[in-house]
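# Architecture and fold: a report
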Amino acid sequence: VFKKVAPMGELLHSPWLVILAWLLAGIVVLFGVLSIAELGVMFPHSGGPFSWLEKIYGKTTSFLYGWACFTVVQTAAISSIAFVFAGAVNTFIDFPQLPPEWQTATFFGLYPFSNFGAKLVACALIIFLTGVNIKGAKKGGNLSRFFTFLIIISIVLIIIAAFSSSQGSIETFTTVSSNYPTEGFTAIGLFSAMVLAMRSAFWGYEGWIALGFIGEEIENPHKNLPRALTIGITMVILIYLLINTAYLYIMPIDEMLAAINQNENNIAAVVVIDKLFGTGGKYIISGMIMISTFGCTNATILVSSRIYYAMAKKGLFFKKAAQIHPKNKTPHNALKYQCLWACILIFSGSFDTLTDMLIITAFIFFGLIVFGVILLRFKDKDLPRPYKVPGYPVVPAVFVIFCIILLVISLIESPVKSVIGIGFIFSGLPFYYYWKKKLTK
């Protein structure tokens, strides 16, 4: 949400269309959350998507979800948040650059040495926080709790600063980019651009699927769960709409893109605050973004490693990942494997490449999970359902259809990212059959 307004503006060329993309993405996420809540209440002890996918489609699909979390979804999330941290650090320190011939060196279409300084900083953060979490889950958890609220504070301060400033105006907000089509978008062109812009927005909403895991802990879940989810997601949507409106209230799209394109580590929020308050404001907001992304990276590292630990205990991941540190009682090897792969991903791409790839991959499984709600209504009609999706079957059906549309348009517009993401999923099949064979023996 600090950074994604730029690629969205580059696609849609209009402030109000960018805001509409955030709103529509939020509504799609709300439909997804309301749908998976039915599974969360039906199977409150099930461990979320892994068990849901196994119950609906079998063990192979369940494993591929866990494998995808390791190869692209969760590890790319860690890498991309660390990229934003590095971008904030870049406000204070000019990163050294390698010679041009190194930066342009390509391996299989990748540029591992471009933006080398930022990649080193991002890796250093991941390695440091992995060490913290190896030392103890309590230390990692306390660190996350300490920093979490600063994300909201950072957003609120940007919103207040922007709308109380005389530098912003409605005229600025209504100014379209010079690249906006002279005769307007065609229907197909607008639809495609909107879906791709929503793909960027989904990175801001990433993590929503965890909201379906809390059915066991809520009193009267059939009443309170949909109410809690609806209010929670609505608040997030409102905050995101306000902060993105604030960016575009202060800066026209072309001016923002020009500032962002000067350096790929630049962050939209920092560029806006720099215009509002000059260098001093830029340093303050960069510091807050550093703190919030520090905490967010840590929280993702802490939670994600437990996925691979659980898989290894079932014999469906690298055996050493099931080991617990004898002193610290943490899944230290699972954390190390995760750290290594996250750092490899950092050198394989840029922030936008990683986030787009993980959203494409994640929405394949999100679509399968929500479609499972419909399947179970036919397969297991007699299962008790304390909570049912409101607006069934329209709400889950709309979500599933959107997932299909997102995948199709991504395959057309971003074939390399899409194929790599899908390739990461199915790269787990040889491992699965090997580990399954060992378990059978």
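For the structure, check the block above.
Report on the accompanying structure. It should be emphasised that the depicted structure is a prediction, and the values quoted were computed from it without experimental measurement.

## Some words on the overall build of the chain
Along the chain, the regular secondary structure elements total 18 helices and zero strands. A compact globule built from 441 residues should have a C-alpha radius of gyration of about 22 Å, and the chain, at 22 Å, falls within 12% of that. Taken over the C-alpha atoms alone, the chain extends approximately 65 × 50 × 40 Å along its principal axes. A burial count over the chain gives 53% of its 441 residues as buried. By element, 68% of the accessible surface of the chain is carried by carbon and sulfur atoms, the whole surface being about 19,600 Å².

## Considering the nonpolar core
Judged by nonpolar contacts, the single largest core of 143 residues is most densely connected at Trp 22, Ile 126, Phe 202, Tyr 247, Met 256, Ile 289 and Phe 317. Looking at this core element by element, the count peaks at 20 residues for helix H4 (residues 59–92). Non-local contacts of Trp 22, meaning those with residues more than four positions away in its chain, are made with Val 1, Lys 4, Met 8, Ala 201, Gly 204, Tyr 205, Tyr 240, Leu 241 and Asn 244.

## Quick word on a nonpolar patch on the surface
A surface patch of nonpolar side chains, amounting to about 190 Å² of accessible area, comprises Leu 23, Leu 24 and Ile 27. Turning to its location among the elements, Leu 24 is positioned in helix H2 (residues 15–42). The exposure class assigned to Leu 24 is partly exposed, which follows from its relative accessible area of 30%.

## Notes on the side chain of Asn 90
Here Asn 90 lies in helix H4. Taking the relative accessible area as the measure of exposure, Asn 90 reaches 10% and is therefore buried. If near-sequence neighbours (up to four positions away) are discounted, Asn 90 is found in contact with Phe 95, Asn 263 and Asn 265.

## A word on the packing of aromatic side chains
One pass over the structure, following the stated rule, counts 36 aromatic pairs. With 6.1 Å between their ring centres and 25 degrees between their planes, Phe 63 and Trp 67 make a pair best called stacked. Separated by four residues within a single helix, Phe 63 and Trp 67 lie in helix H4, roughly one turn from each other. A cation over a ring is seen here: Lys 282 above Tyr 283, with NZ or CZ 5.8 Å from the ring centre. Of note, Arg 377 hangs over the ring of Tyr 392, and the distance from its end group to the ring centre comes to 3.8 Å.

## Observations regarding helix H12 (residues 268–277)
Extensive coverage of H12 is indicated by the burial of seven of its 10 residues. Every buried residue of H12 is listed here: Ala 268, Ala 269, Val 270, Val 271, Val 272, Ile 273 and Leu 276. One or two residues past the end of H12 sits Gly 278, with phi positive at roughly 80 degrees.

## Things to note about unusual backbone geometry
In the segment running from Tyr 392 into Pro 393, the intervening peptide bond is cis, with an omega of 5 degrees. The phi dihedral of His 13 is positive, around 65 degrees, even though this residue is not glycine. Even without a glycine there, the phi angle at Asn 115 is positive, about 50 degrees. Mapped onto the fold, Asn 115 is located in the loop between helix H5 (100–103) and helix H6 (116–135). For Asn 115, a relative accessible area of 5% puts it in the buried group.

About the cut-offs
- Residues numbered from 1 in each chain as written.
- Predicted model: local features only at pLDDT ≥ 70, side-chain atom pairs only at ≥ 80, totals over all residues.
- Heavy atoms only, no water.
- Helix = DSSP H or I, 4+ residues; strand = E, 2+ residues; numbered from the N terminus.
- Rg over C-alpha atoms; globule rule 2.2 N^0.38 Å.
- Buried < 20%, exposed > 50% of the residue type's maximum accessible area, 1.4 Å probe, protein only.
- Areas by Shrake-Rupley, 256 points an atom, 1.4 Å probe, with all protein chains shown as cover.
- Core = buried A, V, L, I, M, F, W, Y, C linked by side-chain atoms within 4.5 Å.
- Contact = heavy atoms within 4.5 Å.
- Patch = residues over 30% accessible without salt bridge, like charges linked within 9 Å, V, L, I, M, F, W, Y side chains within 5 Å.
- Salt bridge = Lys/Arg side-chain N within 4 Å of Asp/Glu carboxyl O.
- Phe/Tyr/Trp six-rings, centres within 6.5 Å; stacked < 30°, edge-to-face > 60°.
- Lys NZ or Arg CZ within 6 Å of the ring centre and 35° of its normal.

Worth remembering: the numbers are spatial, not functional.
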